[in-house]
Amino acid sequence: MLQKQVLENFQKIVGPENVDDSEVMTNAYSYNWCMEFVNSSEGKEPIPFSSIPKAVILPSTVEEVQQIVRLCNQYKIQFKAQSTGLGPWNQPSSENCVILDLRRMNKIVKIDHRSLYAVVEPYVSGAQLQAETMKFGLTVHMPGAGPQVSPLASATSMNGPGFTSPHTGHSARNVLGVEWVLPDGEILKLGSVGMKNDSDWYIGDGPGPSLRGIMRGWAGAKSGIGVFTKVAFKLFPYPCSTKFKLSGNSPDYEFEIPDYMKLYVMDCKSYSHLEKVFLAIEEEEISFICSHLSGYGLGAIFSNSIGSLMDKIPIAGMLVPLVVLIAARTKREFEYKQKVMSKILIDFNLENVIGSKYTPNSLFYAEALRSNLGLHGFIATGGFQSSKGQCDTVKVCVKTTKESIPLKKKYIKKGVIGNDFGEGVWITSYESGHYFHIESPTMFDQTDEKSVKGMAENMEENYQFDLLKHLGAPFFVEGDKMHDLFGPEMMNYHIWLRKIKKAFDPNGIADSGFYISAK
Amino acid sequence: MGRIKPSEELRDLVYKCTECGNCAIACKFLGNLEPLEIIMRLREKLVKAGFGPMPKQEEYIQSVKDFNNPYKEPHENRTDWLPKDIKIDSNAKVLYYIGCTSSYRRKEMAIAAARIMNEARIPFNILYDEEFCCGSPILRTGELDTFKQVLNRNLDVIESKEIETIVFSCAGCYDTFKVDYPLYRNYNFEVLHTVEFFDKLLENGKIKLTEKIPIKVTYHDPCHLGRNAERYEEWDGEEVHIMPLITMNIPPKPKRTGKRGIYDPPRNILKKIPGLKLVEMERIREYAYCCGAGGGVKSAFPEMALDTAKLRIEEAEDTGAEVIVSACPFCSTNLQDGINSRGSNLKYYDISELLLMAMGLEPEKLKHILSEVD
């Protein structure tokens, strides 16, 4: 709870109805997905609760955010900002912290369909923005977490691969202008929106040196370097007709598949073959989705329950599957893409099982367009999280996959993570194969203490493994412990990160539990 | 309870839920979470711990005990809505269960439903002074013991009358009889909402629509008639561990996904009304936005209920409709409050009223009937 005077001062900024420091509300805000194994990793009780925030504050404007941050500095109280709020990164890491819940900042500020960018506030979801951009024949990059999460959070503060990454890239690469409340309460505008005259949101760099790297680096600061209140990011051509016709009732929907979409699921049979096929397809710049999944993962993206997963044995038995979705806006474009795919199938001696051995429910195509496939990771054990998370060449991603199988099998054998035969990874290309991403979705049971502890151990061993084998930086290099582990192996970047933290947040007011402290 | 103890603060949060069930539907597209049931059990726990229901809800529960309705209205006035020219058949196998809100507050719904059945020459009976509150407003607050008493009394009365079908114009009563009663006591009669009943009568030609109603209408799915009106199915299967951490229900355990809600009958009716154009809101069917009145929220947190209604009215306005139609007296009251508070140009009708107009009863006459019961 806050002291009375402090509470009243926060209330003056946002109104009494938008500050809550009650026991019940602050406890509710201390819950989040995956907190249990974060706690376990830190040697705490494996419960799904973080430190309890002192209060929850709901600002509605950048000015209110600014005033709250200044008050936090005055009273030496840390803040943690969250938007759609999925995951432990949204949680306070100390008892001396307030949560800034940005859900009232929920406006789509601008869609510039000619210059291909949108400006949004924190609580706009990917699905909401996509629904609006579709009216202009455009789409937005949505991270693998799904269409329900905040694209602002992904662009400014998180990692950001997605199923449509071959076409829509990576959150770090899509971010343009930014409105940023620094940890001392000053507002910084990045890129063209910061210009004195004719300011607009179309570019993220300059005038002067680019600060985008400082703002988010590889995986974002998770509110550890301030609060992002508006962001512009790139939009992309919607890959096909924007007709989105769904009928039926949950969960038995029928989707009218737009013209000019075709799914390919092929068994590359070996990882070396996968590597070549990946590059061959992506060099042609034709895919909307181009992902390798394990046999289990393949079955899961077509299934709504563990029961329906059992029906997918014919495809789940594939050795090294590759999923490619092509989509086009004209017949000619579609025919061209199909011809290219036909040639690749012949050149690499591949068979497309879709339409012959397996025909997915039409809803798959809707979920693909809406980037909703990641949620299927929950169907088997009720919980999952990914180890790995590297962004590298296809060679490194495939190497990581192969070499990590025995490690994953070790934990499967212990019975603490779900059995995907150790092969459960997701590899996607970014920007038509310019680089690739790998993560290892790992199923566990969040309600089973043994499984939670096992998952935490599995994550820890993966970090060590990735370092030992030089497999690059995983997703969750966050917090002092992890940066201090990886920094020395990676050109001592952690020293620079600390300098940034110190320069931007001299009072240490932005909660850095998932970033880095100035120390 | 674990981390936090029962308190008034906890109570105030738990009772702000309208129990609309939208969370439950969203959580069952891929998963099998039952957040609505968690809220229900939480309310029951709060009642047992002496913290629930909300004071206003306690008042209406007491009213049900004292007057058989939550409005503190004299029980003997329960049939005041009944115009003299309505024909009631005491031997009919169809029972029209009016419900407290249609009996005392939204009489136009009861009158319209009764007139439609008369026009269609469907013999029906009513319970007169043997009709009591269905118990829905009590159940939703977690006051299970009182609810069970009400349920048993109602079923005792109905089962003594050789009824084959009960027709409800109140979505709340319908949901309670259809979904909740069988969880505690089985019965052997059919349960229908008027939209289902009238849709069938239209289908088999017993209702003829002769009049054009050239208006643009949007339909609001009541939660009690839509996603929540799905019965629990019995499951006699087994949870089988097929491998570590992975279990499978054999045979598959039925999930209440909202797909068996009553969505098409009201739309069928509206589409059959000559001249009427149905335009849909963004959030419909199993994903319909709640009117804001459910779960005892209208009485305990009237401002929140009104704010919610205003949002729904705004959504209805966006369709370009002139009229918002629904099939629930709670939605009727709250949405009309929303219309008035927003200063909206929308008009509200119960679907039975529109149907009655399309059957040839001119709106002027309907107004006349309304004034007759005021």
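Keep in mind that this is a model prediction, so the values were computed, not measured. (Residues numbered from 1 in each chain as written. Chains lettered and ligands numbered in written order. Predicted model: local features only at pLDDT ≥ 70, side-chain atom pairs only at ≥ 80, totals over all residues. Heavy atoms only, no water.)

*Asks:* Sorry, what's going on with the overall build of chain B here?
*Replies:* The helix and strand tally for chain B stands at 16 helices and nine strands. Over its C-alpha trace chain B gives a radius of gyration of 21 Å, about what one expects of a compact globule, namely 21 Å for 374 residues. If you line up chain B on its principal axes, its C-alpha atoms span 65 × 45 × 45 Å. Considering only contacts within chain B whose residues lie at least 6 apart along the sequence, 77% involve residues at least 24 apart. Total accessible area computed for chain B in this model is approximately 16,300 Å², and 49% of it derives from carbon and sulfur atoms. The centroid of the 52 positive side-chain charges in chain B is displaced by 2 Å from the centroid of its 58 negative side-chain charges. (Helix = DSSP H or I, 4+ residues; strand = E, 2+ residues; numbered from the N terminus. Rg over C-alpha atoms; globule rule 2.2 N^0.38 Å. Contact = heavy atoms within 4.5 Å. Areas by Shrake-Rupley, 256 points an atom, 1.4 Å probe, with all protein chains shown as cover. Lys, Arg positive; Asp, Glu negative; His and termini not counted. Charge placed at Lys NZ, Arg CZ, Asp CG, Glu CD.)

*Asks:* Just checking my understanding: could you explain helix α9 (residues 171–184) of chain B for this structure?
*Replies:* Think of an α-helix as turning once every 3.6 residues; residues three or four places apart then point the same way. Residue and element names in this part refer to chain B. Taking 1.5 Å per residue as the helical rise, α9 with its 14 residues ought to reach 20 Å, and the 20 Å between its terminal C-alpha atoms agrees with that figure. At Phe 177, α9 shows its maximal bend, which comes to roughly 35°. Along α9, the positions that sit buried rather than exposed are Ala 171, Gly 172, Cys 173, Tyr 174, Asp 175, Thr 176, Phe 177, Lys 178, Val 179, Asp 180 and Tyr 181. (Expected span 1.5 Å × (residues − 1). Bend = angle between axes of the 7 residues up to and from the residue. Buried < 20%, exposed > 50% of the residue type's maximum accessible area, 1.4 Å probe, protein only.)

*Asks:* Please explain the interface of chain B and chain A as it appears in this structure.
*Replies:* The accessible area lost on association of the parts is a frequent measure of interface size. Taken residue by residue, the interface counts 22 residues in chain B and 39 residues in chain A. Between chain B and chain A, roughly 2,300 Å² of surface is buried when both sides are summed, and carbon and sulfur atoms account for 62% of that area. On the chain B side of the interface with chain A, the three residues burying the most area are B:Arg3, B:Phe29 and B:Leu245, jointly 33% of the side's total. For the salt bridge of A:Asp252 with B:Lys259, the shortest nitrogen-to-oxygen distance reads 2.2 Å. Where the side of chain B that touches chain A is concerned, the elements lending two or more residues are α1 (8–14), β5 (238–243) and β6 (246–250) of chain B. Class assignment for the residues of the side of chain B that touches chain A results in 14 nonpolar, three polar and five charged. (Buried area = accessible area lost by both parts, 1.4 Å probe. Salt bridge = Lys/Arg side-chain N within 4 Å of Asp/Glu carboxyl O. Nonpolar A, V, L, I, M, F, W, Y, C, P; charged D, E, K, R; others polar.)

*Asks:* Looking at this structure, I do not really get the packing of aromatic side chains. What am I missing?
*Replies:* The geometry of an aromatic ring pair is captured by two quantities: the separation of the ring centres and the angle between the planes. Considering all chains together, one arrives at 30 aromatic pairs over all chains under this definition. Measuring from centroid to centroid gives 5.2 Å for A:Trp180 and A:Phe228, while their planes differ by 35°, and the two rings are tilted. Of this pair, A:Trp180 sits in strand β8 (residues 175–181) while A:Phe228 sits in strand β10 (residues 227–237), and the two are 48 residues apart along the sequence. Among the residues examined, A:Trp180 registers a relative accessible area of 0% and is labelled buried. Relative to B:Phe198, the ring of B:Phe197 lies with its centre 6.2 Å away and its plane at 45°, an arrangement referred to as tilted. Each of the two residues, B:Phe197 as well as B:Phe198, counts as buried. Cluster of aromatic residues (ring-pair linked, three or more members): B:Tyr97, B:Phe147, B:Phe168, B:Tyr174, B:Phe177, B:Tyr181 and B:Tyr184. (Phe/Tyr/Trp six-rings, centres within 6.5 Å; stacked < 30°, edge-to-face > 60°.)

*Asks:* Explanation requested: the domain arrangement of chain A in the structure shown.
*Replies:* Residue and element names in this part refer to chain A. You can read the domains of chain A as domain 1 (4–101), domain 2 (108–237) and domain 3 (259–468). Here domain 2 and domain 3 have C-alpha centroids that lie 27 Å from each other. With 23 residues of domain 2 at the contact, the number on the domain 3 side is 27 residues. With both sides pooled, the region where domain 2 packs onto domain 3 buries about 2,000 Å², and carbon together with sulfur makes up 59% of that total. Contact with domain 3 buries surface across domain 2, with Phe 163, Thr 164 and Pro 166 losing the most and accounting together for 36% of the total. Here domain 2 is connected to domain 3 by one salt bridge. With a shortest N-O distance of 2.5 Å, Arg 173 and Glu 431 are connected by a salt bridge. Remark: the boundary between domain 2 and domain 3 carries seven residue pairs in polar contact (both at pLDDT 80 or more). Secondary structure elements with two or more residues in the side of domain 2 that touches domain 3: α5 (126–133) and α7 (165–168). Sort the elements by how many residues they give to the side of domain 2 that touches domain 3 and α7 lands first, with three residues. Of the residues belonging to the side of domain 2 that touches domain 3, the class tally is 11 nonpolar, 11 polar and one charged. (Domains from an automatic or database assignment. Polar contact = N/O pair within 3.5 Å; in protein donor to acceptor, adjacent residues only side chain to side chain.)

*Asks:* What's the story with the environment of A:Asn462 in this structure? I'm lost.
*Replies:* Residues and elements named next belong to chain A. Mapped onto the fold, Asn 462 is located in helix α17 (residues 449–468). Here Asn 462 falls in the buried class, since its relative accessible area comes to 4%. Along the sequence, Asn 462 and Ala 55 sit 407 residues apart, while their C-alpha atoms lie 36 Å from each other. Beyond its immediate sequence surroundings of up to four residues, Asn 462 is in contact with Ser 387, Lys 388 and Leu 407. Only 2.9 Å separates the side chain of Asn 462 from the backbone oxygen of Asn 458, close enough to count as a polar contact.

*Asks:* Honestly, helix α3 (residues 35–48) of chain B in this entry has me stumped. Any pointers?
*Replies:* Residues and elements named next belong to chain B. Compared with the 20 Å implied by 1.5 Å per residue over 14 residues, the 20 Å span of α3 between its first and last C-alpha is a close match. Residues of α3 that are buried include every one of Pro 35, Leu 36, Met 40, Arg 43, Glu 44, Leu 46 and Val 47, and no others. For α3, the secondary structure elements touched by its buried residues are α1, α2 (22–26), α7 (136–139) and α8 (144–159). Once α3 ends, the next one or two residues include Gly 50, with phi positive near 85°.

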